[in-house]
Amino acid sequence: MLKNPTVVSVSQLNRYVKSLLESDHVLSGLMVRGEISNFTRHYKSGHLYFTLKDDSAAVKAVMFRSYAARVPFSPENGMSVIVSGSVSLYERDGSYQFYVTDMQPDGIGALHLAYEQLKAKLAAEGLFDEARKRPLPPYPERIGIVTSEGAAALQDMLNILSRRYPAATVVLCPAQVQGAGAARTLIDGIRALNAAKACDLIIIGRGGGSIEDLWAFNDEALARAIAASGIPVISAVGHETDFTIADFAADLRAPTPSAAAELAVPNMADLQYYLADLGARCHGAVVRRIEGTELRLRQLRAGLTTPEGVLRACGLRLDALEREIRAGVLQRLDGARNRLQYLGALVEERSPMKILSRGYSLTSADGRTVLSAEQVKPGDLLTTRVADGEILSKVTGTNRRTT
Amino acid sequence: MTKTMTLEAAVARLEEIAAKLGGDVSIDDAVKLYGEAVKLLDFANGKLEAAKLKVEKLAAPKETEDEPV
C-alpha cells in the first residue's frame, strides 16, 4: 500500500490500478455483449484488436492469437457478439481493456455463422464453380474411400459396390471423421491417394451426426484439398439434408454414403447387357458384309471364269440388245402402217363418190346443193351428179312431204 | 491388347468398332475389326465375370504439415 503523501511514478500508478482491476472478483471473469468496431487482426502476431461498443459507450478489447484460433467464424466490424474474458489495464497507455478469451455471435450459432462465412468466401473465389467439376469415370477400376474404418457408412458402401460392380477394387484410406484433427486426416487421405495414384475416383464421407460431428467436413483446408485433387471426388456426408463445405467443393455431392456408392459405379448387369449388344452389332455387321461379298463373288464366278466365257457373255448380251432394238423398230413401223391403212379406209368410206357409186345422187341448182323441195320451183334447171357423170333436167313441179 | 487396358477404354473402342462396321469398310478391315472386337469382349466380360469386390488398405499416410490450416 502506498502511503500518503508519497510521490509515485506513472508506471507505479498504472501497475497499482492494474493490480486492483485484476484482483476484482467481477472483472476477472465476465461476459459482455457489444458490437465490434475498429477491428484489426495483427498481420504478424495474429492477435485481434477491436473496440466493443453499444449505443453510448465503448471499451477496447484484445483477443490473443491462441484464443482467436478457436473462433470458428471471422469477426467483422458491425457484428454483434458476446465475449467472455477479464478486464485489465494496458500499462503503457494507461487504458483499461477487455481481454477476450471466447467470442460467440449474438443471435445465431458460431458454427452456423462460420459455415456461411466460409461458404461465401470460397464461392467468391470460384472454388465451387461448375466449370471446375471433373467428370466421373464411367467404369472406375479402383475407388478410393476416405472415411472411418469401423463405421457403418463404410460397410454400407462396400455392400453396394460389391452388389452393383464387384469388378472394382476399393482402396480404403482410414481417417478420423470427427473431433479435433479430423480434417487433417481427411486431407492426408486425399493427398495420399493422389500421391500414390491409387485410384480413379475418391469417395470421402461419413454417416449422419450433429453439426459438430460433421464439422470436419466444413474445414477450409479440406475444401481446398478436395478442389486440388487430381482424382475426381464424390463427397457423401451425413444425411440428405446435411450440406457441408466439402459437398460444394467436391465434383459430385451424394446425399448419403450409400448413394455415393450407387453413383460411383455402373450396374454390372447393365454393362454386361450393353457389351452383349455391342458384340451383336459387330457380329451382325460383319456377317452382312461377308454375305454380301460372297453373293457378288458367286455372281461374278458364274459368268466370268475364262476369256472365252467373258467374250461369250458379251456376245450374248450384244445379240440380245440387237434383237431388242430390231423388234422395237419393227413394232413402230408396223404400228404406223396399220394406222395409215385405217385412216385410208376411213377416208374412202366417207367419200361422196363412194356414196354415189351405191346409187345415191347429188342435185344442185344454180351451183347450190338442193336440200329442200322449197328450194326450187317449176322451170328451174337442175344438175344431178351420179357416179359416172351429170344429168341435166328441168323442174316440172314440187311436192313437199308433210311430216 | 495390353495389361494396362481398362474397361473404360475397351468399351470406348468397342463402340468405335461397332460404328465403323456399321459403315463403309473394306472386307479386310471388317474382318480385322471384328477380330479385335471379339478380343475386347473377352477382356471386358472376363473382368466382369466371377468378380469379387477387392478391398485394399492404403498405408496410413504421414502427417503433411506443408500447408498452414
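Residues numbered from 1 in each chain as written. Chains lettered and ligands numbered in written order. Predicted model: local features only at pLDDT ≥ 70, side-chain atom pairs only at ≥ 80, totals over all residues.

If you look chain B up in an unreviewed UniProt entry, it shows as Exodeoxyribonuclease VII small subunit from Anaerotruncus massiliensis.

Our focus in this paragraph is the overall build of chain B. Each helix and strand counted, chain B has two helices and one strand in total. When the helices and strands of chain B are listed from N to C terminus, the series reads α-α-β. (Helix = DSSP H or I, 4+ residues; strand = E, 2+ residues; numbered from the N terminus.)

The next subject is the confidence of the model for chain A. Confidence along chain A averages 87 in pLDDT terms, with 94% of residues attaining 70 or more. The secondary structure element of chain A with the lowest average pLDDT is helix H11 (residues 352-357) of chain A, at 70, and the one with the highest is strand E8 (residues 201-206) of chain A, at 96. (pLDDT = per-residue confidence, 0-100.)

Now for the sheet that holds strand E4 (residues 80-90) of chain A. All names here are of chain A. Within the closed barrel, the five strands sit side by side as E1-E2-E3-E5-E4. Their pairing is mixed. Across this sheet, the average inter-strand angle for adjacent strands is 50 degrees, counted without regard to direction. Two elements, strand E1 (residues 30-41) and strand E2 (residues 48-53), share five bridges in a ladder whose sense is antiparallel. In the strand pairing of E2, Glu35 is matched with Lys53. Across the sheet, helix H1 (residues 10-23) lies against E4 and strand E5 (95-105), angled at about 135 degrees from E4, the strand it touches most. (Pairing = 2+ DSSP bridges. Axes fitted to C-alpha atoms, helices over the stretch in contact; angles between N-to-C directions. Contact = placed C-beta atoms within 7 Å.)

Once that is clear, we can look at the packing of helix H4 (residues 152-164) of chain A against helix H8 (residues 257-264) of chain A. All names here are of chain A. It is the contact of H4 with H8, at a shortest axis distance of 8 Å, that shows an interaxial angle of 25 degrees. In terms of orientation, H4 and H8 fall into the roughly parallel class. Judged by the twist between their axes, the crossing of H4 over H8 is right-handed. Of H8, the residues touching H4 (which contributes Ala153, Asp156, Met157, Ile160, Leu161 and Arg164) are Pro257, Ser258, Ala260, Ala261 and Glu262. Taken together, the residues of the contact of H4 with H8 break down into seven nonpolar, one polar and three charged. (Parallel < 35°, antiparallel > 145°, perpendicular 65-115°, else oblique. Left-handed = near helix turned anticlockwise from the far one by under 90°. Nonpolar A, V, L, I, M, F, W, Y, C, P; charged D, E, K, R; others polar.)

A general tendency of soluble globular proteins is for nonpolar side chains to be buried together. One finds A:Ile143, A:Leu186, A:Ile202, A:Ile203, A:Ile226 and A:Ala246 to be the most contacted residues of the largest nonpolar core, which totals 50 residues. Per-element tally for this core: the top contributor is helix H5 (residues 182-195) of chain A, with seven residues. Dropping the residues within four chain positions of it, A:Ile226 is found in contact with A:Ile190, A:Val233, A:Ser235, A:Ala246, A:Ala249 and A:Ala250. Within the second largest apolar cluster, 17 residues are counted, among which are B:Ala18, B:Leu21, B:Leu33 and B:Ala44. (Core = buried A, V, L, I, M, F, W, Y, C linked by C-beta atoms within 7 Å. Buried ≥ 20, exposed ≤ 12 C-beta atoms within 10 Å, placed from the backbone.)

All names here are of chain A. On the secondary structure map, Gly207 appears in the loop between E8 and helix H6 (220-228). Accessibility expressed as a C-beta count within 10 Å gives 21 for Gly207, which makes it buried. Residues Gly207 and Ala236 lie 29 residues apart in sequence; the distance between their C-alpha atoms is 8.1 Å. In this view, Gly207 contacts Ala151, Ala152, Ala153, Gly238 and Pro257; residues no more than four positions away in its chain are not counted.

Our next topic: the interface of chain B and chain A. Each partner contributes residues to the interface: chain B has 34 residues there, and chain A has 36 residues. Of all the secondary structure elements, the ones that give two or more residues to the side of chain B that touches chain A are helix H1 (7-21), helix H2 (27-48) and strand E1 (54-57) of chain B. The dominant element in the side of chain B that touches chain A, judged by the number of residues it contributes, is H2(B), at ten residues. Each residue belonging to the side of chain B that touches chain A can be placed in one class, and the counts come to 21 nonpolar, four polar and nine charged. Pairing of strand E7 (residues 169-174) of chain A with E1(B) involves four bridges; the strand directions are parallel. Bridging across to E1(B), A:Val171 finds its partner in B:Glu56.

Overall, parallel pairing links the six strands, which are arranged E10(A)-E9(A)-E8(A)-E6(A)-E7(A)-E1(B) in an open sheet. Each edge of the sheet is formed by a strand with only one pairing partner; in this case those strands are strand E10 (252-253) of chain A together with E1 of chain B. Where strand E9 (residues 233-237) of chain A and E10(A) come together, two bridges link them in parallel fashion. Across the sheet, residue A:Ser235 finds its bridge partner in E10(A), namely A:Arg253. The strands that H8(A) touches are strand E6 (142-147), E8, E9 and E10 of chain A; relative to E9(A), the one it contacts most, it runs at about 155 degrees.

Residue and element names in this part refer to chain A. Within E8, six of the six residues are buried, which leaves it mostly tucked inside the rest of the structure. Neither face of E8 is open: one carries Leu201, Ile203 and Gly205, the other Ile202, Ile204 and Arg206, and all of them are buried. Bridge count between E6 and E8: four bridges; the pairing is parallel. The partner of Ile143 across the bridge, within E8, is Leu201. Judged from the five bridges that link them, E8 and E9 form a sheet pairing that is parallel.

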